[in-house]
Structures are given as C-alpha cells and as structure tokens.
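Descriptive structure summary
The lines below spell out each chain.
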Amino acid sequence: MPNITLKHVNKSYDKNATNAVSDLNLEIGDGEFMCLLGPSGCGKTTTLRMIAGLENLTGGEIAVGDRVIDSIGKGVFVPPEQRGMGLVFQSYALWPHLTIEKNTDFGLRLRKVPKAEREERVNLVMKKLGIEQYRDRYPSQLSGGQQQRVALARMLAVNPEVLLLDEPLSNLDARLRLEMRTELKRIHGEFGTTIVFVTHDQWEAMTLATSIAVMHDGTLQQVGTPNDIYDRPANRFVAEFVGSPPINIIDQSPGNSRITDASRQYLKEYFPAISGADSLGLRPENIKLASQISDVPADHFAEEAFVAAILPTGGSWIIEVMVDDHKLFLTVNEPPQVSVGQQVWFHTSPAFMHLFDSDDQRLTA
Ligand code: ATP
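Residues numbered from 1 in each chain as written. Predicted model: local features only at pLDDT ≥ 70, side-chain atom pairs only at ≥ 80, totals over all residues.

An unreviewed UniProt entry annotates the protein as ABC transporter ATP-binding protein of Parasedimentitalea denitrificans. Under the UniProt heading Sequence similarities (unreviewed entry), the note attached to the protein is "Belongs to the ABC transporter superfamily." (UniProt positions renumbered as here; feature names shortened; annotations may be inferred.)

The structure is reproduced here in structure tokens:
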C-alpha cells in the first residue's frame, strides 16, 4: 500500500462555524502506525472519516500514492468501499440479529471468500481476540468491551491493507486495554498493516504509535515519533498535552518573580542565542532536589524551593515543591530523601530544559 497523503485538507460542517479541520498536511507512510492525538473536538475523528470517505472535504485533497481519491477541485471521490480500508469506530455497529461468529464472518462472506478459508480466518481471529467462547451469542448478550473485540475481529478477518481505528479500546477495562494494545502492536508488526488510530489518550499513543500527529483546534501541531513529541515538543500545547504528570511550565516574562536573577543569568549563559524565551518547561522526572546549593552540579539550573507535599503512587512518588507561589511537580522512583516543609534546591540539567517564545513555540533545539 503506498503512502496516504493529505494536502491542505479543510473541513467545515457549517459555513459560519470555525473549521473542524484546517489546512491539514499529513503523510502516512506504508506500514506506519499513525496515531491522531488531541483533546476532544480537535478534529481527529473528522480527519479519520475523511480518509475513509465517510465525510466530504471542503478543501484540499487526499491521495493514496499517486492516485487522488478525494478532491473537489479535481472532481474525484472514491467511495469508501473502494478504498481498501477497514474501519472500527467507537460505536462498533455489530449486526444485532447475527451471532458473534456470523458477525466476525460478515466481511469475508461479503467478499465471497471460500468457506474453508473463511472458517479458518474466523477461528483464528476469534482465538486471537479471546471471543471464541461467545461464538453462538448475540451482540446484546455481550459487554461493551466484548462487543468492541468482536468489531476488531470482524475487521481483522478481512485483512485490510489500512486499518482506520477510532478509539477502538475505549470500552475495555484497564487490563484488557493493555492486552489489546499489545495485540494491536503485534498485529501491526506481523502483518505490516498501515494503521491510523484516533485517541485522546497520550499514553495509548505513546505506547502504540510509530508516528504521532498531535492536533488542536483543527490544526496539526506536530508530527513525529513518540520520542520526538515527548523530548522535543514543537510548542507549549504539545509539551503540556503529552506527559503525566504534566510538564511544569515556569513563566518568566519580565517582572515575574519566580525566576531569580541568578537563574536568569544562567539561562543567558547556557542559551546565549535565545533572548526571547518567555517560558520554561521542565518534565517532572527531569527535576532533582538537593538539600544544599553545594550539592547542585555547577552546570545545573537551580532555584530555591520548599517541599509542600509528597504523594506516594505505589512504586514511585510525586513531590510537590513551591517556588514562591508557584507549584512544581516532580517524580522520583526511589523513596524521597526530603520531607514536607523542608527548604530545598530543585535543579536540572540544561539538556532537559524546554524553552518557548512569546508565541509558545519551541526555542531549544
Ligand atoms: P472526540 O475525541 O470528542 O471524538 P475529535 O477530536 O474526534 O473529538 P471531531 O469529532 O472531529 O473531534 O470534531 C471536530 C469539530 O467538528 C468539533 O468542534 C465538533 O463539534 C465538530 N463536528 C463534528 N462532527 C460534526 C457534525 N456532524 N456536524 C457539525 N459539527 C461537527
């Protein structure tokens, strides 16, 4: 399957409303596991439905390799069933009058696959997704999570070249969700299927994707590997959306007392090319604490703080420190060596500092 390319794609449901998707340019490579990630209403589902051919574009075009499949300008629209893409949506629309086995078999039957082959495929995917024991039941006799697995099985049975998945794991409990993620990742590795996966769950995107496209208010914020997105967020929105607990942002606009003169001097020395930095982002796991300034490595950024709270999370701890009236959260994997109320220095290496300009765009390399 060649790459899927979206060029200047626009979608507005209503002429008077703001665009659900604006000027979206995105390339989804063959065999990629692409996650469309962003908060509710950012345009993920709309994008997926346009790729599927379930929603008309209001501008731009979509191509598969050299073949344009959707473009108003060129008067092209390839209908959904001719796009070679399998779809699973949050509302999984199983046939209520068919058993689980018949539901799983549905796509194969439609494609007139020989009976023996159909049986083999159906048994295989039902086993893989752990729904064999429900084969004679009807959808109404299954839980939401079980129905979701049937929907996945039905789609996997026909072995499509591209899978379009819209929050397909949203109804599963935590354990099953994890198992299904592993299963999806394995299926992706095994079959080399191109997958486009919509989620608002950053953890899900980080664990599954080979590439993540972060969206906000209908616009693409950044495309990159999970590491790119996490380690080099393109702007403040991406930095704050990805990571849990979220990144700490220290506003250092003029007159703000949170950053001391010494630290300001430090920033000038370490980032001489960057004079326009307006805010500073620090991930919780990159912040260290020292009881005295003499324990802080000379090349570290440091500020005085006091420990406001220590929250055990089972196996790790979240520590809340206050710098003036500003809260920072950090995480540690060893029992904390500090106590609540203690004066400390928080410090970090310049390698872990994210600087943003007054337009919230990333400044550091
Ligand atoms: P969620 O995670 O909540 O599903 P999303 O990121 O998938 O959100 P979309 O469903 O693509 O977002 O919606 C993008 C925007 O388009 C939203 O403002 C939404 O209200 C609007 N929208 C979506 N579908 C329609 C529709 N059929 N008619 C009018 N507006 C719509």
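What follows continues from the structure just given.
Some thoughts on the site of the ligand
Inspection of the region around the ligand gives Y13, A20, G38, S40, G41, C42, G43, K44, T45, T46 and H200 as its neighbouring residues. Partitioned by chemical class, the residues of the shell around the ligand number three nonpolar, seven polar and one charged. (Near = placed C-beta within 6 Å. Nonpolar A, V, L, I, M, F, W, Y, C, P; charged D, E, K, R; others polar.)

Some remarks on the domain arrangement of the protein
Once the domains are mapped, the protein shows domain 1 (4–241) and domain 2 (248–356). When each unit is reduced to the centre of its C-alpha atoms, the spacing between domain 1 and domain 2 is 40 Å. Each side of the interface is counted separately: domain 1 has five residues, and domain 2 has five residues. Among the residues making up the side of domain 1 that touches domain 2, the classes are represented as two nonpolar, one polar and two charged. (Domains from an automatic or database assignment. Contact = placed C-beta atoms within 7 Å.)

Topic: the sheet that holds strand β13 (residues 279–282)
Spatially, three strands are ordered β12-β13-β19 in an open sheet, and the strand pairing comes out antiparallel. Across the chains shown, the open sheet's two edge strands, defined by having one partner strand only, are β12 (248–251) and β19 (353–356). Between one strand axis and the next, the sheet turns by 25° as a mean value, whatever way the strands run. Pairing geometry for β13 and β19, over four bridges, is antiparallel. By the bridge assignment for β19, L280 is matched with L355. (Pairing = 2+ DSSP bridges. Helix = DSSP H or I, 4+ residues; strand = E, 2+ residues; numbered from the N terminus. Axes fitted to C-alpha atoms, helices over the stretch in contact; angles between N-to-C directions.)

Quick word on the sheet that holds strand β5 (residues 67–71)
In space, the five strands of this open sheet follow the order β2-β1-β4-β5-β6, with antiparallel pairing throughout. The open sheet terminates on both sides in strands that have one partner only, identified here as β2 (21–28) and β6 (76–77). Examined bridge by bridge, strand β1 (residues 4–11) and β2 share five bridges and lie antiparallel to one another. Each bridged residue has a counterpart across the sheet, and for T5 the counterpart in β2 is E27. Strand contacts of helix α1 (residues 44–52): β1, β2 and β4 (59–64), with the helix running at about 120° to β1, the strand carrying the most contacts.

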